[in-house]
Amino acid sequence: MSVLSAVPFMRPLHMRSPASQGRRHTLPASEFRSLSPEDAISVFEIEREAFISVSGECPLHLDEVRHFLTLCPELSLGWFEEGRLVAFIIGSLWDQERLTTDALTLHKPHGSTVHIHVLAVHRTFRQQGKGSILMWRYLQYLRCLPYVRRAVLMCEDFLVPFYRKSGFKVRGPSEITVGPLAFIEMLYPVRGHAFMRRNSDNHHLCLPKP
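Residues numbered from 1 in each chain as written. Predicted model: local features only at pLDDT ≥ 70, side-chain atom pairs only at ≥ 80, totals over all residues. Heavy atoms only, no water.

Some points on helix α1 (residues 40–52)
To be explicit about the condition: Secondary structure follows DSSP: runs of H or I at least 4 residues long count as helices, runs of E at least 2 residues long count as strands, and numbering of each begins at the N terminus. Under the convention used throughout, the expected extent of a helix is 1.5 Å for every residue step, that is, one less than its residue count. The rule is simple: take the accessible area with a 1.4 Å probe, protein chains only, and divide by the maximum for that residue type; under 20% is buried, over 50% is exposed, in between is partly exposed. Within this analysis, the arc is defined by the directions that extend from the helix axis to the C-beta atoms. What makes two residues a contact is simply this: any of their non-hydrogen atoms within 4.5 Å.
In this model α1 runs 17 Å from its N-terminal to its C-terminal C-alpha over 13 residues, within 8% of the 18 Å that 1.5 Å per residue would give. Those residues of α1 that sit buried are Ala40, Val43, Phe44, Ile46, Glu47, Ala50 and Phe51. All buried residues of α1 lie within an arc of 165° about the axis, which places them on one face of the element. Where α1 is buried, its residues meet α2 (62–71), β3 (84–94) and β4 (113–121).

Looking at the pairing of strand β2 (residues 76–81)
Put simply, the test is: Between any two strands, pairing holds if DSSP finds at least two bridges.
Here β2 lies mainly inside the structure; 5 of its 6 residues are buried. Note: β2 against β3, 6 bridges, orientation antiparallel. In the sheet register, Ser76 faces β3, and the bridge partner there is Ile90. Counting the residues between successive antiparallel strands, the hairpin from β2 to β3 contains 2 residues, one of them, Glu82, with a positive phi of roughly 50°.

Examining α2
Each α-helix winds once per 3.6 residues, and so residues spaced three or four apart point in a common direction. For α2, the full list of buried residues reads Glu64, Val65, Phe68 and Leu69. One side of α2 holds all its buried residues, which, seen down the axis, span an arc of 130°. The exposed set on the far side of α2, more than 90 degrees from its buried face, consists of Asp63 and Thr70. Taken together, the buried residues of α2 touch α1, β2, β3 and β4.

Worth remembering: the numbers are spatial, not functional.
Structure representation (structure tokens):
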């Protein structure tokens, strides 16, 4: 619903302050990895705080978060600071041209469209550009998946400019409504095979850390 590092995408990004370099066994200051069902509660706490105060509805309930992180964890991405989840994206596969109500709860393993269900940032880390950076990393990762052709999402009107900056195009009003809420459907062309051919020698760098 909705200064970049030169380190290859999806490799954990480790940055330590001078004061911490003398200590051993410290957690990495910043890490990107796919999520697991064990992360579901942290995910839902961030999502609930981010969405309930704005729209009154969560894109995913806790059981749905667990559902997608069990079926397709490779289509999720979490940003961790010193072991703490600060932002995340959850996606699943879809196999139709446009999103329908079924897309809210189903994962279609043979689909070529990634439906981005939710992007959320912890309240203490907002207004720092983390949402844009996380989306950029996620879209670059999708380019490494040969079966993915496009990414789609639906969002409220006020979020359209944010997703436009990430390269998404407006497709028009979504047929999905949630109570009084109406949404705009947006699309990002991924073209996975072309990217894989250009990067065949380094495609392993795109794989998410379990």
